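Structural features, examined
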Amino acid sequence: MDTKSLIAAYYDAFNAGRTDDMLALLHDEVEHHVNEGGIRRGKALFAQFNAHMTESYRENLTDMVIFANEAGDRAAAEFVVNGTYLKTDEGLPEARGQTYRLPAGAFFTVRDGRIARVTTYYNLADWMRQVGQ
């Protein structure tokens, strides 16, 4: 599978809520760099993060554009997050089913045909404005 197809499959699985399929596309030593957070290393921590996110948020990504370098070892994606805040996340505003629409992007390293790094960026202040009302 080429790099663009790999990233597309990752986001198709995300949109379908198939987190096990997402995990299958990750390198065993994946590094997950979370927006305004630390680095989670390994599939187990990535799976824990996905479980938490699934419980607290319902999101669908649209307007997806995927880029990859010629070597296929680095990629990026730009998209819009269309979400609903389901359960209050510690340190964030109270969840009351608020909806949000947020531009976002992610950067990837690909190794051995699998995603070895995911770095996600979005404007947290914009999200806070949208759900804090």
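Residues numbered from 1 in each chain as written. Predicted model: local features only at pLDDT ≥ 70, side-chain atom pairs only at ≥ 80, totals over all residues. Heavy atoms only, no water.

Under an unreviewed UniProt entry, the name given to the protein chain is Isopropylmalate/homocitrate/citramalate synthase, and the source organism is Paracoccus lichenicola.

1. Brief notes about the overall build of the protein chain
Short version of the rule: Helix and strand assignments follow DSSP, with helices taken as H or I runs no shorter than four residues and strands as E runs no shorter than two, numbered in order from the N terminus. In this description the radius of gyration comes from C-alpha coordinates, and the expected globular size is given by 2.2 Å times residues to the power 0.38.
What the protein chain contains, in helices and strands, is 4 helices and 6 strands. In the protein chain, the order of α-helices and β-strands from amino to carboxyl end is α-α-β-β-α-β-β-β-β-α. In terms of overall dimensions, the protein chain is globule-like: its C-alpha atoms have a radius of gyration of 15 Å, near the 14 Å expected for 133 residues. Projected onto the principal axes, the alpha-carbon positions of the protein chain cover approximately 45 × 30 × 25 Å.

2. Re the pattern of salt bridges
Condition: We define a salt bridge as a contact between a side-chain nitrogen of Lys or Arg and a carboxyl oxygen of Asp or Glu at a distance within 4 Å. Summary of the burial criterion: residues with accessible area below 20% of their type's maximum are buried, those above 50% are exposed, and those between are partly exposed, where the area comes from a 1.4 Å probe applied to protein chains only.
Under the criterion given, the structure shown has 6 salt bridges. For E31, the salt bridge is made with R41, and the minimal N-O distance between the two is 3.2 Å. You can see E31 sitting in strand β1 (residues 26–33) and its partner R41 sitting in strand β2 (residues 39–41), a full 10 residues away along the chain. By relative accessible area, E31 is classed as partly exposed at 26%. The salt bridge partner of E55 is K87, with a shortest N-O separation of 2.2 Å. Taken together, the positions of E55 in helix α3 (residues 43–56) and K87 in the loop between β4 (74–85) and β5 (99–111) put the pair 32 residues apart, joining distant regions of the chain. Judged by its relative accessible area of 41%, K87 is partly exposed.

3. What to know about the UniProt feature "domain: SnoaL-like" (unreviewed entry) in the protein chain
Rule in force here: UniProt positions are given in the numbering used here, feature names are shortened, and annotations may be inferred rather than shown by experiment.
The sites that carry the UniProt feature "domain: SnoaL-like" (unreviewed entry) are, in the present numbering, residues 8–118. Secondary structure across residues 8–118 comprises 26% helix and 48% strand; the distance between its end C-alpha atoms is 13 Å.

4. Thoughts on the pairing of β4
Filter applied, for reference: The pairing criterion for strands is at least two bridges between them, as found by DSSP.
In terms of burial, β4 is largely enclosed, as 9 of its 12 residues are buried. With 10 bridges connecting them, strand β3 (residues 57–68) and β4 associate as antiparallel partners. Bridging across to β4, I66 finds its partner in A77. What sits between the antiparallel neighbours β3 and β4 is a turn of 5 residues, in which G72 has the positive phi angle 80°. Here 11 bridges tie β4 to β5, and the two strands are oriented antiparallel to one another. Within β5, the position partnered with G83 by the bridge is Y100.

5. Quick notes on helix α1 (residues 3–16)
What counts is decided by this rule: Any helix carries an expected span of 1.5 Å times its number of residues minus one.
A rise of 1.5 Å per residue sets the reference length of α1, with its 14 residues, at 20 Å; its end C-alpha atoms lie 20 Å apart and thus fit the reference within 8%. Of the residues flanking the end of α1, it is G17, one or two places downstream, whose phi is positive at about 75°.

6. Considering unusual backbone geometry
One non-glycine residue, D63, lies in the positive phi region at around 55°. Examined against the element boundaries, D63 turns out to sit in strand β3. You will see that D112, though not glycine, has its phi angle at about 55°, which is positive. Relative to the helices and strands, D112 is located in the loop between β5 and β6 (114–122).

7. Observations regarding the packing of aromatic side chains
This is how it is decided: When two rings of Phe, Tyr or Trp (its six-membered ring) have centres within 6.5 Å they constitute a pair, described as stacked for plane angles under 30 degrees, edge-to-face for angles over 60, and tilted for the intermediate range.
Under the definition given, this model contains 9 aromatic pairs. The interplanar angle of 15° and the centroid separation of 5.3 Å between the aromatic rings of Y57 and Y85 together place this pair among those described as stacked. Of this pair, Y57 sits in strand β3 while Y85 sits in strand β4, placing them 28 residues apart in sequence. Taking 6.0 Å as the distance between ring centres and 65° as the angle between the ring planes, the aromatic pair formed by F107 and Y121 counts as edge-to-face.

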